[in-house]
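# Structural features, examined
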Amino acid sequence: MDTHMIVELIGYFSSLLVLVSFLMTSVIRLRIVNSIGAIIFTVYATIIGSYPTALMNLCLVGINMYNLYKLLKSPKRYEVITEEPEAAGLQYFFKYYEEDIRKFFPDFKPGKLEADAAYMVVHDTVPAGVLLGKRKADGGLEIALDYTTPQYRDCSVGRYLYGVLGGQGIAKLTFPDAPGGHEDYLKKVGFVKENGVYERTI
């Protein structure tokens, strides 16, 4: 493979990264991937002598970094709404996100929820996540569903919610049957697996 072909492949790869970034639902991931693509494209444009293109992509990296800084530094304004599991608003939420929920909870059925406690987290009035569970006599909560919408999957929803639950007399969260696709998240937010059960003390 000659040098010209390698340079062209760099250009195609950087263009692909920029395009793929716009398919991402998470704004943070979009900015990160877009920046990586723009950096590589800057290198490509410099190699081929297209300096205006290189400058434009360099500016794009700067814009992305500035917006990432604001996103990561600005505190998210979450609120928790305590609901009944059968509430109409929750049922609408479940129907709307049912396909995505099933990616993490394959056995999820909106009409058959084995829970007596439900919490919806909203961000500036926009639903960001829902937690369903069963209250235990010892003050614990056995989680049946812990779902966050794609736009808010940076673990901040869970960390905020668990803090609020601690103020409501819940001392421990348990996740007895965590689907494989959800285990990485549980570890990130402080759950520990003991005897096949994920637990988190609040």
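Up top is the structure.
The paragraphs below set out a description of the structure included in this document. (Residues numbered from 1 in each chain as written. Predicted model: local features only at pLDDT ≥ 70, side-chain atom pairs only at ≥ 80, totals over all residues. Heavy atoms only, no water.)

### Structural notes on the overall build of the protein
- Across its full length, the protein carries six helices and seven strands.
- Each helix and strand of the protein, placed in order from N terminus to C terminus, yields the pattern α-α-α-β-α-β-β-β-α-β-α-β-β.
- Relative to a compact globule of 202 residues, whose C-alpha radius of gyration would be 17 Å, the protein shows 22 Å and is clearly more extended.
- C-alpha atoms of the protein, sized along the principal axes, occupy 70 × 35 × 30 Å.
- Counting all 202 residues of the protein, 40% fall into the buried class.
- Of the contacts made within the protein by residues no fewer than 6 positions apart, 57% connect residues no fewer than 24 positions apart.
- Accessible surface computed for the protein: about 11,800 Å², of which carbon and sulfur atoms make up 60%.
- Each charge class in the protein was averaged separately, 21 positive and 22 negative side chains, and the resulting centres sit 3 Å apart. (Helix = DSSP H or I, 4+ residues; strand = E, 2+ residues; numbered from the N terminus. Rg over C-alpha atoms; globule rule 2.2 N^0.38 Å. Buried < 20%, exposed > 50% of the residue type's maximum accessible area, 1.4 Å probe, protein only. Contact = heavy atoms within 4.5 Å. Areas by Shrake-Rupley, 256 points an atom, 1.4 Å probe, with all protein chains shown as cover. Lys, Arg positive; Asp, Glu negative; His and termini not counted. Charge placed at Lys NZ, Arg CZ, Asp CG, Glu CD.)

### Comments concerning the pattern of salt bridges
- According to the stated counting rule, one finds six salt bridges in the structure shown.
- Residue lysine 136 pairs with glutamate 142 through a salt bridge whose shortest N-O separation is 3.4 Å.
- Residue class for lysine 136 comes out partly exposed when judged on its relative accessible area of 38%.
- Judged by relative accessible area, glutamate 142 falls into the partly exposed class, the value being 24%.
- A single salt-bridge network, built from bridges that share partners, covers Asp100, Lys103 and Arg153. (Salt bridge = Lys/Arg side-chain N within 4 Å of Asp/Glu carboxyl O.)

### Considering the packing of helix α2 (residues 27-47) against helix α3 (residues 51-73)
- At a closest axis distance of 8 Å, the pairing of α2 and α3 adopts a crossing angle of 160°. Comparing their axes, α3 and α2 come out roughly antiparallel. α2 and α3 meet at a crossing whose hand is left-handed.
- In terms of residue class, the contact of α2 with α3 is built from 17 nonpolar, eight polar and one charged. (Axes fitted to C-alpha atoms, helices over the stretch in contact; angles between N-to-C directions. Parallel < 35°, antiparallel > 145°, perpendicular 65-115°, else oblique. Left-handed = near helix turned anticlockwise from the far one by under 90°. Nonpolar A, V, L, I, M, F, W, Y, C, P; charged D, E, K, R; others polar.)

### Focus: the packing of aromatic side chains
- Enumeration according to the criterion identifies twelve aromatic pairs in this entry.
- Ring geometry for tyrosine 78 and tyrosine 160: centres 5.6 Å apart, planes at 45°, overall tilted. With tyrosine 78 in strand β1 (residues 78-83) and tyrosine 160 in helix α5 (residues 156-166), this pair connects stretches of sequence that are 82 residues apart.
- Owing to a relative accessible area of 8%, tyrosine 78 belongs among the buried residues under this scheme.
- Its relative accessible area of 29% is what places tyrosine 160 among the partly exposed residues.
- In this structure an aromatic cluster arises from ring pairing among Tyr92, Phe93, Phe94, Tyr96, Tyr97, Phe108 and Tyr147. (Phe/Tyr/Trp six-rings, centres within 6.5 Å; stacked < 30°, edge-to-face > 60°.)

### Concerning the sheet that holds strand β2 (residues 117-123)
- Strand order across the open sheet formed by seven strands is β1-β2-β3-β4-β5-β7-β6, with mixed pairing between neighbours. What marks the edges here is a single partner per strand, and that holds for β1 and β6 (192-194). Across the sheet, the mean angle separating the axes of adjacent strands is 35° when strand polarity is ignored.
- Looking at chain direction, β6 and strand β7 (residues 197-201) are connected through three bridges and run antiparallel. Paired with lysine 193 across the two strands is tyrosine 198, which belongs to β7.
- Helix α4 (residues 88-104) rests against β1, β2, β3 (126-135) and β4 (140-148) of the sheet, and its axis sits at about 65° to β4.
- Where α5 meets the sheet, it contacts β1, β2, β3, β4, β5 (172-175) and β7, and its direction lies at approximately 60° from that of β1. (Pairing = 2+ DSSP bridges.)

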